[in-house]
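Reading the structure
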Amino acid sequence: RLEATAVMYDRGNANAPVGRAEAAVEGTAVFELADALAAQLIAGFHRTSNQRLSRDAASGTRSLAALKAYLEGEQHFRADSFAAAGDAFRRAVRADTGFALAHYRLSVAADRAGRHQVALRAADLAIRFGDRLSEHDLALTEAYLVLRRGRIGEAERRYRRFLAEYPEDAEGWFQLAEVLYHSNPLRGRSATEARPALERVHALDPGDREALLHLA
């Protein structure tokens, strides 16, 4: 049995650890041990509310290659490069077919890129592998699949229930805003109903440019 502990420090302040990980393997599986330590350090590094999905992704796969591709996808997504984000998330699910959170983010990226059939298929796969999601992420993904299937009223109700339980979830607020912004005119309601949700996204994640664009 081989055990290891790793501590990550900020180079500007060697007295302040920014992450710690512990892992153990049977025998001499050094590479598995290194991957486990790296995944824990990555999860610990993503501590803010707008990094929750990246933090959860670190525990959603045992493949470091899949996790690295996922994190690359998140970087592209934050830069509004949705096609590049989709390519990275697709590499993540190729490395780990059951990586449910990567399927979910692939679906969202594909939708933003206008690839709606890809978005629906990826959302279905996220639920198929939902046993690898936390209760929090499963509820988010279920609401999103309902939206992708066009059941707008039910999607709005699910997101509102979700946010009543997880009021600090920026992703949930943005998806509720998407429902209200894009679907309200089809239901005889004003798209401006999305403003409170978008303002909540901006408060939780000031760097979310899509929320600012919708508000403008």
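Details of the structure are given in the entry above.
A few points on the structure. (Residues numbered from 1 in each chain as written. Predicted model: local features only at pLDDT ≥ 70, side-chain atom pairs only at ≥ 80, totals over all residues. Heavy atoms only, no water.)

What follows is about the environment of Gly130. Note that Gly130 resides in the loop between α6 (116–128) and α7 (135–148). Considered as a pair, Gly130 and Gly98 are 32 residues apart in the sequence and their alpha carbons are 8.7 Å apart. (Helix = DSSP H or I, 4+ residues; strand = E, 2+ residues; numbered from the N terminus.)

Turning next to the environment of Phe77. Secondary-structure assignment places Phe77 in helix α3 (residues 64–78). Phe77 sits 28 residues away from Arg105 along the chain, and the two C-alpha atoms are 9.2 Å apart. Sequence-distant contacts of Phe77, that is, excluding residues within four places in its chain, are made with Phe82, Ala85, Phe89, Arg105, Val108, Ala109 and Arg112. (Contact = heavy atoms within 4.5 Å.)

Another aspect to go through is the side chain of Glu178. The topology assignment puts Glu178 in helix α9 (residues 170–183). Nearest to the buried, unbridged Glu178 among oppositely charged side chains is Arg112, at 4.3 Å. In this structure the side chain of Glu178 is engaged in a polar contact, spanning 3.0 Å, whose partner is the side chain of His214. Once residues within four sequence positions are removed from consideration, Glu178 is found in contact with Arg112, Ser183 and His214. (Buried < 20%, exposed > 50% of the residue type's maximum accessible area, 1.4 Å probe, protein only. Lys, Arg positive; Asp, Glu negative; His and termini not counted. Salt bridge = Lys/Arg side-chain N within 4 Å of Asp/Glu carboxyl O. Polar contact = N/O pair within 3.5 Å; in protein donor to acceptor, adjacent residues only side chain to side chain.)

Our focus in this paragraph is helix α10 (residues 195–204). Looking at α10, one finds that the buried residues are Ala197, Leu198, Val201 and Leu204. Projected down its long axis, α10 shows its buried positions confined to an angular sector of 125 degrees, all on one face. What points out from α10, more than 90 degrees from its buried face, is the exposed set Pro196 and Ala203. For α10, the secondary structure elements touched by its buried residues are α9 and α11 (209–215). (Arc of directions from axis to C-beta.)

With that settled, the discussion passes to the pairing of strand β1 (residues 2–10). In the sheet, β1 pairs with strand β2 (residues 13–25) via nine bridges, with the strands oriented antiparallel. By the bridge assignment for β2, Thr5 is matched with Glu22. The hairpin formed by β1 and β2 contains two residues between the paired strands. (Pairing = 2+ DSSP bridges.)

For the rest of this paragraph, the subject is the pattern of salt bridges. Inspection of every chain in the model, using the stated rule, returns 21 salt bridges. Across the salt bridge formed by Arg149 and Asp124, the nearest N and O atoms sit 2.8 Å from each other. Here Arg149, found in the loop between α7 and α8 (152–165), pairs with Asp124, found in helix α6; they are 25 residues apart in sequence, far enough to count as distant. Each of Glu156, Arg160, Arg187, Arg189 and Glu193 takes part in a single network of salt bridges with overlapping partners.

Moving on, we come to the packing of helix α5 (residues 100–112) against α6. Two numbers describe how α5 lies on α6: the axes approach to 8 Å, and their chain directions differ by 160 degrees. Accordingly, the angle class assigned to the pair α5 and α6 is roughly antiparallel. Our pair here, α5 against α6, has a crossing hand that is left-handed. Within the contact between the two elements, α5 uses Ala100, His103, Tyr104, Leu106, Ser107, Ala110 and Asp111 and α6 uses His116, Val118, Ala119, Leu120, Ala122, Ala123, Leu125 and Ala126. Classifying every residue of the contact of α5 with α6 gives eleven nonpolar, three polar and one charged. (Axes fitted to C-alpha atoms, helices over the stretch in contact; angles between N-to-C directions. Parallel < 35°, antiparallel > 145°, perpendicular 65-115°, else oblique. Left-handed = near helix turned anticlockwise from the far one by under 90°. Nonpolar A, V, L, I, M, F, W, Y, C, P; charged D, E, K, R; others polar.)

This brings us to the packing of aromatic side chains. By the definition in use, this model includes five aromatic pairs. A centroid spacing of 5.3 Å and a plane angle of 80 degrees characterise the contact between Tyr104 and Tyr144, whose relative ring orientation is edge-to-face. Placement of Tyr104 in helix α5 and of Tyr144 in helix α7 is noted, with a sequence separation of 40 residues between them. We classify Tyr104 as buried; its relative accessible area is 0%. The structure contains a cluster of three or more aromatic residues connected by ring pairs, namely Tyr70, Phe89 and Phe99. (Phe/Tyr/Trp six-rings, centres within 6.5 Å; stacked < 30°, edge-to-face > 60°.)

So, about the side chain of Glu171. By the secondary structure assignment, Glu171 is in helix α9. Here Arg105 takes part through its side chain, which lies 3.3 Å from a polar atom of the side chain of Glu171. Apart from residues lying up to four places away in sequence, Glu171 is in contact with Leu53, Tyr104, Arg105, Val108 and Leu140.

No statement about biological role is implied by the geometric values presented.
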